[in-house]
Structures are given as C-alpha cells and as structure tokens.
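One letter stands for each residue in the lines below.
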Amino acid sequence: MNKITHIKDIIYGIRILALNPSMHSITVFCTPLSNVKERVRITRNKSNGSILINVGCPNYREREFLRDCKKVKTNPNRYLLWGFPKKRK
C-alpha cells in the first residue's frame, strides 16, 4: 500500500469520529491485513473535543484482536471502533 491510501484511511477515520459523538477512538490498520505491523489510532478528548493521532505498533488489545481473527481464519476489519467508557451507577 502506498502513503496516499494511508492518508485516505486516516481521513475516513477522522470523519467517522467527527460524525459520531459516542465514539472515543478508532484504530486504522495501515499495512496489508495478513501481516499487520503498523496502526494509526485516532482519539477524541471528551472534555474539549480535540483529536489526537498516534502512529505505531498495535498494542496488547489490538494484537489480541488480530490473534483471535487469525484463530477463526478471517481477515480483520481495517477499522476498530471504540466507544467512550460508560460510568458505573
């Protein structure tokens, strides 16, 4: 994949995050999904609405998701959506 595809994926992730106020973060896997080594995480701050973009390797929860997808022999989604945590009553 080339860098233009990465930018399109990142812009799509930012658009999803901007349109849905209940979403906290979106993880975008940028390399071919069979061998994921890079991801972009787009996170929104709930208090002031600022958006943070992190580029790096998948963290534990993302590696666990990829491992589970590999076990059931399916390709993972290009985007992982995470909502804001719900407060306990």
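Just above sits the structure.
For clarity, every value in this text was computed on a predicted model and none was experimentally measured.

**Student:** In this structure, what is going on with the overall build of the protein chain? I would like to understand it.
**Tutor:** Scanning the protein chain from N- to C-terminus turns up 2 helices and 4 strands. Ordered by position from N to C terminus, the α and β elements of the protein chain give α-β-β-β-α-β. Looking at the protein chain as a whole, 30% of its 89 residues qualify as buried.

**Student:** Help me understand the sheet that holds strand β1 (residues 23–29), please; the structure alone is not making it clear to me.
**Tutor:** Two strands in a sheet stick together by hydrogen bonds in their backbones, pointing the same way (parallel) or opposite ways (antiparallel). Read across the sheet, 4 strands follow the order β3-β2-β1-β4 without closing on themselves; strand pairing throughout is antiparallel. Only two strands of the sheet have a single neighbouring strand rather than two, namely β3 (51–56) and β4 (79–83). Going across the sheet, the axis of each strand differs from the next one's by a mean of 15 degrees, ignoring polarity. Alignment of β1 against strand β2 (residues 39–44), held across 5 bridges, turns out to be antiparallel. Looking at the pairing, Thr27 lines up with Arg41 of β2.

**Student:** What is the right way to look at the nonpolar core in this model?
**Tutor:** Inside soluble globular proteins, nonpolar side chains tend to come together where they are buried. Formed by Ile10, Leu17, Met23, Ile26, Val28, Val40 and Ile42, the largest nonpolar core amounts to 7 residues. No other element matches β1, which puts 3 residues into this core. Setting aside residues no more than four positions away along its own chain, Leu17 makes contact with Met23, His24, Ser25, Ile26, Ile42, Thr43, Arg44 and Ile51.

**Student:** Honestly, the side chain of Glu62 in this entry has me stumped. Any pointers?
**Tutor:** Structurally, Glu62 can be placed in helix α2 (residues 60–71). Judged by its relative accessible area of 0%, Glu62 is buried. A distance of 3.0 Å separates the side chain of Glu62 from the side chain of Thr27, its partner in a polar contact.

**Student:** It is not clear to me how the pairing of β1 should be interpreted in this structure. Could you clarify?
**Tutor:** Along a regular strand, successive side chains alternate from one face of the sheet to the other. The buried count for β1 comes to 6 of 7 residues, which makes it a mostly enclosed element. Sheet topology note: the β1/β4 ladder contains 5 bridges and is antiparallel. Its bridge partner lying in β4, Ser25 is registered against Trp82.

**Student:** I'm lost on the side chain of Ser25 in this one. Help?
**Tutor:** With respect to the secondary-structure elements, Ser25 resides in strand β1. Overall, Ser25 belongs to the buried group, its relative accessible area being 2%. Not counting residues within four places of it along the chain, the set of residues in contact with Ser25 comprises Leu17, Arg41, Ile42, Thr43, Arg61, Leu80, Leu81 and Trp82.

About the criteria used
- Residues numbered from 1 in each chain as written.
- Predicted model: local features only at pLDDT ≥ 70, side-chain atom pairs only at ≥ 80, totals over all residues.
- Heavy atoms only, no water.
- Helix = DSSP H or I, 4+ residues; strand = E, 2+ residues; numbered from the N terminus.
- Buried < 20%, exposed > 50% of the residue type's maximum accessible area, 1.4 Å probe, protein only.
- Pairing = 2+ DSSP bridges.
- Axes fitted to C-alpha atoms, helices over the stretch in contact; angles between N-to-C directions.
- Core = buried A, V, L, I, M, F, W, Y, C linked by side-chain atoms within 4.5 Å.
- Contact = heavy atoms within 4.5 Å.
- Polar contact = N/O pair within 3.5 Å; in protein donor to acceptor, adjacent residues only side chain to side chain.

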